[in-house]
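Report on the structure
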Amino acid sequence: MTSDAISSAWPGFSHYQTALGDERAHCFPAQGANRHQIVIIGGGLAGLSTAWSLVERGVEDIAICEAGQPGDGASGRNGGFVFAGYSLPNQKLFEQAGPEAARELHRWTREAVSLVRHRIDHLAIDCQPNDAGVLLADWFHDDAALKAFADTMSEQLGFSLDWVGAEKCAQYIHSERYGSALHEPGSFHFNPLRYVNGLVKALQGHGVTIYGNCPVTKLETNPKSQGGSWSLDTGDAKIIADQVILTTGGYDTRLWPKLGRSIQPIATYVATTPPLGEQMGHLIPRGHAIYDTRFAFDYYRPLPDTRLLWGGRISIKARSPEAIRAVLKKDLIKVFPDLADVEFDHAWGGWMGYTRHQMPLIGQDSSGLWHATGFGGHGMAPTTMAGEVIAEALTGTPERLALFKQWQPVWAGGPVGRAWAQGTYWALNLKDYLRDRSALSRARRA
Ligand SMILES: Cc1cc2nc3c(=O)[nH]c(=O)nc-3n(C[C@H](O)[C@H](O)[C@H](O)COP(=O)(O)OP(=O)(O)OC[C@H]3O[C@@H](n4cnc5c(N)ncnc54)[C@H](O)[C@@H]3O)c2cc1C
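Note that this is a predicted model, so its numbers are computed, not measured. Within any chain, residue numbers begin from 1 and follow the written order of that chain's sequence. Local features in this predicted model are restricted to residues of pLDDT 70 or higher, and side-chain atom pairs are both shown and tallied only at a pLDDT of 80 or more, whereas totals for entire chains, interfaces and linings draw on every residue.

1. Remarks on the overall build of the protein
Formally: Going along the chain from the N terminus, every DSSP run of H or I of four or more residues is numbered as a helix, and every run of E of two or more is numbered as a strand. Think of it as a crowd count around each C-beta: if 20 or more other C-beta atoms lie within 10 Å the residue is buried, if 12 or fewer it is exposed, and in between it is partly exposed, with C-beta placed from the backbone throughout. In this description, a residue-residue contact is defined by the distance between C-beta atoms placed from the backbone, which must lie within 7 Å.
For the protein, the helix and strand inventory stands at 13 helices and 18 strands. Judged by the C-alpha coordinates and their principal axes, the protein covers about 80 × 45 × 45 Å. The buried share of the protein, taken over its 446 residues, is 50%. In the protein, 77% of the contacts between residues at least 6 apart in sequence involve partners at least 24 apart.

Below you can see the structure in the form of structure tokens.
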């Protein structure tokens, strides 16, 4: 099978990349003939977390092949929200998995939030964690709907969210946009590229080989007589491996078509303001990360140097930094009109790998290929959980993996699926807009 990986290069550097500078670990390509017990394809958080979970279980001789540098994909360029759940909305998780399994599956992501936090401390990763946590702010000023949502989460999934009334919410976010909010206990936000970088250094320190600028262009099963079950071709090198774990997210759809055809690469965008100084403390005084109750929500958070990191939009297009600045600016001033004169400096985007059912693909296919991919727009905790689940299965405890069997690779529709995804996004955007209008006229009448 050959690879036609979407280039991990996205026009423009992220603020994370620029700020990390020389502290970023640099990984070199494989050369010549190599052999490893386990090879992980993809150096995002799914690949790195799986490697770390294997190291913790005493597995040796692990290598990671990354097309660019670790974190060049979604994992090093995202919003930095670490919170529970999957891309599949919680309500749908409950409907699809049933009460018992849904509770388990959701609990594992909450545990993964704590596990990421634990790893930061345990490995002394300098990734600027902010424990103020994540607020879900109500765009529609509809307390009854927000309360009903919180009650449902608690009843169905055992997922407790703290109520933040409108008055208190106004103290946490100085914007008239929102009504009340929900706070997720234990959630936090951090610099994802720094976290990736810390994991890379920890893995290298424990003997894991990480090949950078090393795209796997061909992956084949091997006759047993040649030793090792798999052959990987990276152009400059050949690698033989006993086990292969594919974690290429939204950055490859061709290397292993059975999986790749079920992944739809979807873009989302992020930008940062210059440091805002005291104004930042005025806008978000307690330092929360914030997203809102619309389908097409904004997501934003303050950075330690008083910049505001602002994210939003979903698209099938890779936009230029100029275009991203322009679209995100419109969103920013709807929430913080006082920032009308502030221009974003860095602006970038990244590819999320979406499956049709919106759940990640975690498992082993009929040819023996392990995989953890398709985490969509909600990946910091679930990739960490997936790493644990795959490592458990590879070391003889496959029970948790079995719960993911329900979500198999399903063709994502190719170009038609992409157009469909864009159309769905616009339709849901319109629905949000109409709900917003009716909330506004309700407020005027009151
Ligand atoms: C802009 C943005 C904001 C987001 N915000 C959040 C957030 O705040 N919180 C949250 O939980 N989630 C967020 N997400 C989603 C989250 O980032 C992803 O779900 C998660 O990072 C996926 O991790 P991954 O390891 O599966 O994929 P990736 O991080 O994309 O890693 C895949 C890697 O595979 C490599 N690769 C691809 N093909 C090959 C090949 N043939 N050979 C070798 N290597 C290859 C790529 O270069 C890439 O580095 C966001 C995503 C984006 C894009």
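And the narrative resumes.
2. What about the packing of helix 2 (residues 45-56) against helix 7 (residues 192-205)?
Rules: Between N-to-C directions, angles span 0 to 180 degrees; the directions come from axes that are lines fitted to C-alpha atoms, helices contributing only their stretch in contact. Crossings are sorted by hand: turned counterclockwise from the far helix by less than a right angle, the near helix makes the crossing left-handed, and turned clockwise it makes it right-handed. Lys, Arg, Asp and Glu make up the charged group, whereas Ala, Val, Leu, Ile, Met, Phe, Trp, Tyr, Cys and Pro make up the nonpolar group; the residues left over, Gly among them, are polar.
Where helix 2 contacts helix 7, the two axes come as close as 10 Å, and the packing angle between them is 35°. In the crossing of helix 2 with helix 7, the sense of the turn from one axis to the other is left-handed. Contact with helix 2, carried on its side by Leu45, Leu48, Ala51, Trp52 and Val55, involves Val196, Leu199, Val200, Ala202 and Leu203 of helix 7 and no other residues of that element. Considered class by class, the residues forming the contact of helix 2 with helix 7 number 10 nonpolar, no polar and no charged.

3. Brief notes about the sheet that holds strand 15 (residues 308-315)
The condition that has to hold: Strand pairing is assigned whenever DSSP detects at least two bridges linking the two strands.
The strand order across the open sheet built from eight strands is 5-6-4-13-14-15-12-16, with neighbouring strands paired in mixed fashion. Sheet topology places strand 5 (162-164) and strand 16 (347-354) at the edges, where each strand pairs with a single neighbour. Strand-to-strand, the axes of this sheet are offset by a mean angle of 25°, without reference to chain direction. Sitting on the sheet, helix 10 (residues 321-335) is in contact with strand 12 (264-272), strand 15 and strand 16, with an inclination near 85° to strand 16.

4. So, the environment of Thr234
Tracing the backbone through its elements, the reader meets Thr234 in the loop between strand 10 (230-233) and strand 11 (237-246). Overall, Thr234 belongs to the buried group, with 22 C-beta atoms counted inside 10 Å. When the C-alpha positions of Thr234 and Gly32 are compared, they lie 9.8 Å apart, and in sequence the two are 202 residues distant. Contact partners of Thr234, with chain neighbours within four places excluded, come to Pro29, Ala30, Cys65, Cys214, Pro215, Val216, Thr217 and Ile239.

5. A word on the environment of Lys218
For Lys218, the position within the fold is in strand 9 (residues 218-221). On the neighbour-count criterion, Lys218 (14 C-beta atoms within 10 Å) is partly exposed. When the C-alpha atoms of Lys218 and Thr234 are compared, they prove to be 7.0 Å apart, with 16 residues separating the residues in sequence.

6. Remarks on the nonpolar core
For clarity, the threshold we go by: A set of buried residues drawn from Ala, Val, Leu, Ile, Met, Phe, Trp, Tyr and Cys, joined through C-beta atoms within 7 Å, is what defines a nonpolar core.
Within the largest apolar cluster, 127 residues are counted, with the highest numbers of intra-cluster contacts made by Val39, Cys65 and Val244. Each residue touching Cys65, except ones within four places of it in the same chain, is listed here: Ala30, Val39, Ile41, Tyr211, Cys214, Val216, Leu232 and Thr234.

7. Here we look at helix 4 (residues 99-122)
Side chains that are three or four residues apart share a direction in an α-helix, a result of its 3.6 residues per turn. The condition is simple: Multiplying 1.5 Å by the helix residue count minus one yields the expected span of that helix.
The end-to-end C-alpha distance of helix 4, which contains 24 residues, comes to 34 Å, matching closely the 34 Å that a straight helix rising 1.5 Å per residue would cover. Among all positions in helix 4, only Ala102, Leu105, His106, Trp108, Thr109, Arg110, Ala112, Val113, Val116, Arg119 and Ile120 are buried. Against the buried residues of helix 4 lie strand 3 (81-82), helix 3 (90-97), helix 5 (143-157), helix 7 and helix 11 (380-394). Of the residues one or two after helix 4, Ala124 is the one with positive phi, at around 50°.

8. A word on helix 5
Rules: Within this analysis, the arc is defined by the directions that extend from the helix axis to the C-beta atoms.
Between its terminal C-alpha atoms helix 5 stretches 21 Å, which fits the 21 Å expected from 15 residues at 1.5 Å a residue. Along helix 5, the positions that sit buried rather than exposed are Leu146, Met153 and Leu157. For helix 5, the angular spread of the buried residues around the axis is 45°, confining them to a single face. Every exposed residue of helix 5 that faces more than 90 degrees away from the buried side is listed here: Ala144, Ala148, Asp151, Ser154 and Glu155. Looking at the buried positions of helix 5, the neighbouring elements they touch are helix 3, helix 4 and strand 6 (181-184). Gly158 occupies a position one or two residues after helix 5 and carries a positive phi of about 65°.

9. Describing the packing of helix 2 against helix 11
Just so we agree on the cut-off: The labels follow the angle: roughly parallel below 35 degrees, roughly antiparallel above 145, roughly perpendicular from 65 to 115, and oblique for the rest.
Between helix 2 and helix 11, whose axes approach to 8 Å, the crossing angle comes to 40°. Classified by the angle between their axes, helix 2 and helix 11 sit oblique to one another. For the element pair helix 2 and helix 11, the recorded crossing hand is right-handed. For the pair formed by helix 2 and helix 11, the contact residues are Leu45, Ala46, Ser49, Thr50, Trp52, Ser53 and Leu54 on the first element and Met380, Thr383, Thr384, Ala386, Gly387, Glu388, Ile390, Ala391 and Leu394 on the second.

10. Here's the deal with the confidence of the model for the protein
Counted only if it meets this: Confidence scores here are pLDDT values: one per residue, from the predictor, ranging 0 to 100.
When pLDDT is averaged along the protein, the result is 94, and 95% of the positions lie at 70 or above. pLDDT under 50 marks residues 1-8. Its contacts with residues more than four places away, or in other chains, come to 29 contacts.

11. A short note on the pairing of strand 18 (residues 370-373)
What you see with strand 18 is no split at all: Trp370 and Ala372 on one side and His371 and Thr373 on the other are buried throughout. Alignment of strand 11 against strand 18, held across two bridges, turns out to be parallel. Paired with Leu246 across the strands is His371, a residue of strand 18. The pairing of strand 17 (residues 361-364) with strand 18 spans four bridges and is antiparallel. The residue of strand 18 that forms the bridge with Gly363 is His371.

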